[in-house]
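Below are the chains, spelled out letter by letter.
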2 protein chains.
Amino acid sequence: MIATARDLRPDQPALTRLAALAPLEADTAATLQVLIERARLVAKRRELMSEGRPIVEPQLIVSGWAARLRLLIDGRRQFLGFVLPGDIIGLSRHPRPIAASTVIALTDVTMCTPPRIGIFPELDEAYSVGQALDEGYAFAQITRLGRLDAQDRISDLLLELHERLSLNGMAVGGAFDLPLTQEILADTLGLTTVHVNRMLQMAKQNGDLTWTAGRIGLNNPSLLARKVGRSPVKVFGNRLV
Amino acid sequence: MIATARDLRPDQPALTRLAALAPLEADTAATLQVLIERARLVAKRRELMSEGRPIVEPQLIVSGWAARLRLLIDGRRQFLGFVLPGDIIGLSRHPRPIAASTVIALTDVTMCTPPRIGIFPELDEAYSVGQALDEGYAFAQITRLGRLDAQDRISDLLLELHERLSLNGMAVGGAFDLPLTQEILADTLGLTTVHVNRMLQMAKQNGDLTWTAGRIGLNNPSLLARKVGRSPVKVFGNRLV
DNA sequence: CGGAATTTTGAAACCTTTCAAATTGGGTGG
DNA sequence: CCACCCAATTTGAAAGGTTTCAAAATTCCG
């Protein structure tokens, strides 16, 4: 099989995602491409943004994984959701916004400041669609924690990640890199590390998934989705999914 | 004690809240006042908005309680959060937005369409602050479900409601009307009705609260807040709480 | 190669759910 | 204004899913 141009120079996941949220004009894409190439690095474990502190500029995640998180006084923590390439954090119409949550890098992350609102109309649309999706993911997280058992929480979360990563080209054929420890999964799903471990083993035995060396494989995403009663997060008519 | 003008003609909760989010000019307040007086009624149990369907216009809740909710295929339901007087639902910059969640009236509700974005600058600020608060409440809900036990979930939720109702003048001295059944609380907190009932009884015995005839009394909100390790949702610097 | 981080196991304790069934409360019609 | 009915609250006992607490086994990384 001969490699096509696309194989040799795949789109940036961030650009792929923004273009999926709203069709972009050539010059808009070009502008983004330049910004993306100049993305700056944030090392793993560093904060991209901290709860209660002013947000200087919004940031477009170019590569790597980050997570929103809340800390409790006694040291417990709760991950609110993940931030993936193509996601934008800190976007607000308010003149001097304050971060509602801390965001930390789970891997090394690169990010750049995206064009301000009001410059590229299609990009503005992508921003608002992205924001609506974020809201949908937050609602999905609430539902997961409130109404699913451990087993289904895990499946449902992995399906959501698969969905999101497919949107930016980072998941192919049900498989994708998952740079998370079981402890992070536990702090996301409201479970203990021990229990996540046991449920993960069960899921493997059930043939629902494989997980080796930081890479997840969902054997049959749509079947699994039906099993846990999950419907994908969609927001704007016939645009997504 | 002599009644003041304020006592005789209390502000509308909705107007009180918007004014608390951002100081309003006299004419803005007057415009809102007129819209509020013409608010239309939505009967208890009716939907204000349904998931997946287009949002025709945003709505400002004038009176009554509503709730965002998600239904699972098997009939289970999860309340995502409550919608109170002064809250706005369906606000989006997108041309033809789709509702990300269903909103139903828990009591009779009155609501009106607020001025569009771009007409009253201070109101726009109130909108964006309100949106930031909504995000904060969603994050708080995730944290509650993920990391608190039944007892603390209840306390934490009641404290949040107290906080929100104080903002619009519907809570006085730790007491406020709570038009919710224990079943609704259960479906909000990811618990069963039975367990909510038992935990509520314990809370009463502990002297943390009283609850009779749909009215809640928190005996010592700040003490309770410390006990469950809760910090109020604040968003914009020295503006709120 | 060695130490730290992560994953894995076991058994017991614990919080929450389940399943009925009884009791109380509120609203409506006679 | 009382009787009646449905909704909501309350109780008990047993089953069950998750957590806890250690400790061992693996894997990762400098």
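Small disclaimer: the values here were computed from a predicted structure and weren't measured.

What counts, and at which threshold
- Residues numbered from 1 in each chain as written.
- Chains lettered and ligands numbered in written order.
- Predicted model: local features only at pLDDT ≥ 70, side-chain atom pairs only at ≥ 80, totals over all residues.
- Heavy atoms only, no water.
- Salt bridge = Lys/Arg side-chain N within 4 Å of Asp/Glu carboxyl O.
- Helix = DSSP H or I, 4+ residues; strand = E, 2+ residues; numbered from the N terminus.
- Contact = heavy atoms within 4.5 Å.
- Buried area = accessible area lost by both parts, 1.4 Å probe.
- Polar contact = N/O pair within 3.5 Å; in protein donor to acceptor, adjacent residues only side chain to side chain.
- Nonpolar A, V, L, I, M, F, W, Y, C, P; charged D, E, K, R; others polar.
- Axes fitted to C-alpha atoms, helices over the stretch in contact; angles between N-to-C directions.
- Parallel < 35°, antiparallel > 145°, perpendicular 65-115°, else oblique.
- Pairing = 2+ DSSP bridges.
- Buried < 20%, exposed > 50% of the residue type's maximum accessible area, 1.4 Å probe, protein only.
- Near = heavy atom within 4 Å.
- Phe/Tyr/Trp six-rings, centres within 6.5 Å; stacked < 30°, edge-to-face > 60°.
- Lys NZ or Arg CZ within 6 Å of the ring centre and 35° of its normal.
- Arc of directions from axis to C-beta.

Engineer: Just give me the short version of the pattern of salt bridges, but keep the residues and values in it.
Structural biologist: Residue and element names in this part refer to chain A. Counting across every chain of the model gives 28 salt bridges over all chains. Between Lys227 and Asp208 there is a salt bridge, with its nearest N and O atoms 2.9 Å apart. Here Lys227, found in helix H8 (residues 221-228), pairs with Asp208, found in the loop between helix H7 (193-205) and strand S10 (209-212); they are 19 residues apart in sequence, far enough to count as distant. Within this structure, Arg17, Asp87, Arg144, Asp156, Glu160, Glu163, Arg164 and Arg230 form a network of salt bridges that share partners.

Engineer: Help me get a handle on the interface of chain A and chain B, residues and values and all.
Structural biologist: Facing the 42 residues of chain A at the interface are 42 residues of chain B. For the pair chain A and chain B, the two sides together bury roughly 3500 Å², of which 61% comes from carbon and sulfur. Sorting the residues of chain A by area buried against chain B places Phe139, Ile142 and Arg147 of chain A first, and these three jointly supply 22% of that buried surface. On the surface where chain A and chain B come into contact, there are two salt bridges. Between Arg147 of chain B and Asp187 of chain A there is a salt bridge; the shortest N-O distance is 2.8 Å. Where chain A packs against chain B, one counts twelve residue pairs in polar contact (both at pLDDT 80 or more). Among the elements that make up the side of chain A that touches chain B, the one with the highest residue count is helix H4 (residues 121-147) of chain A (15 residues). Partitioned by chemical class, the residues of the side of chain A that touches chain B number 19 nonpolar, twelve polar and eleven charged.

Engineer: Quick rundown of the packing of helix H5 (residues 150-167) of chain B against helix H6 (residues 182-189) of chain B? Include the residues and the values.
Structural biologist: All names here are of chain B. At a closest axis distance of 11 Å, the pairing of H5 and H6 adopts a crossing angle of 105 degrees. Considered as vectors, H5 and H6 are oriented roughly perpendicular to each other. Between H5 and H6, the residues in contact are Arg153, Ile154 and Leu157 and Leu185, Thr188 and Leu189, respectively. Grouping the amino acids of the contact of H5 with H6 by side-chain chemistry returns four nonpolar, one polar and one charged.

Engineer: An account of the sheet that holds strand S2 (residues 47-49) of chain A is requested, with residue identities and associated values reported.
Structural biologist: Residue and element names in this part refer to chain A. With respect to topology, four strands assemble into an open sheet ordered S2-S7-S4-S5, the strand pairing being antiparallel. Strands at the two margins of the open sheet, each flanked by one partner only, are S2 and strand S5 (77-83). On average, adjacent strands in this sheet sit at an angle of 35 degrees to one another, irrespective of strand direction. Relative to strand S7 (residues 102-105), strand S4 (residues 66-71) runs antiparallel, the two being bridged by four bridges. In the sheet register, Arg68 faces S7, and the bridge partner there is Val103.

Engineer: For the pairing of S7 of chain A, give the residues involved together with the corresponding values.
Structural biologist: Residues and elements named next belong to chain A. Of the two faces of S7, both are covered, the one formed by Thr102 and Ile104 as well as the one formed by Val103 and Ala105. Inspection of the sheet shows S2 paired to S7 by two bridges, in the antiparallel sense. When the sheet's bridge partners are listed, Glu47 is paired in S7 with Ile104.

Engineer: Go over the protein's contact with DNA strand D, please, and point to the residues and values.
Structural biologist: Lining the immediate environment of DNA strand D, one finds 15 residues, of which Ala150 and Arg198 of chain A together with Gln182, Asn197 and Gln201 of chain B sit closest. For DNA strand D, the backbone portion of the atoms within 4 Å of the protein, that is sugar and phosphate, comes to 74%. A distance of 3.1 Å separates a phosphate oxygen of DNA strand D from a polar side-chain atom of Thr192 of chain A. Between a phosphate oxygen of DNA strand D and a side-chain N or O atom of Gln201 of chain B, the distance comes to 2.6 Å. When residues of the surface near DNA strand D are traced back to their parent elements, those giving at least two are H7 of chain A together with H6 and helix H7 (193-205) of chain B.

Engineer: Outline the protein's contact with DNA strand C, supporting the account with residue identities and numerical values.
Structural biologist: By nearness alone, 15 residues border DNA strand C, and Gln182, Asn197 and Gln201 of chain A together with Ala150 and Arg198 of chain B come closest of all. For DNA strand C, the backbone makes up 73% of the atoms found within 4 Å of the protein, where backbone means sugar plus phosphate. Here a phosphate oxygen of DNA strand C and a side-chain polar atom of Gln201 of chain A are 2.7 Å apart. Contacts to DNA strand C include Ala150 of chain B, whose backbone N or O atom sits 2.9 Å from a phosphate oxygen. Those elements that provide at least two residues to the surface near DNA strand C are helix H6 (182-189) and H7 of chain A together with H7 of chain B. Among the elements that take part in the surface near DNA strand C, H7 of chain A stands out by supplying four residues, more than any other. Considering only residue class, the surface near DNA strand C consists of four nonpolar, seven polar and four charged.

Engineer: Describe the packing of aromatic side chains, naming the residues involved and giving the relevant values.
Structural biologist: If you walk through the whole model with that rule in mind, you get two aromatic pairs over all chains. Positioned above the aromatic ring of Tyr137 of chain A is the side chain of Arg164 of chain A, whose terminal nitrogen or guanidinium carbon lies 4.6 Å from the ring centre.

Engineer: Any details on H8 of chain A? Residues and values, ideally.
Structural biologist: All names here are of chain A. Buried within H8 are the following residues: Leu224, Ala225 and Val228. Seen from one end, H8 has its buried residues packed into an arc of 105 degrees, which puts them on one side. In this structure, the buried residues of H8 make contact with helix H5 (150-167) and strand S11 (215-218). Just downstream of H8, Gly229 is the residue with a positive phi angle, here 70 degrees.

Note that every value here comes from positions in space, so none of it alone points to a role or purpose.
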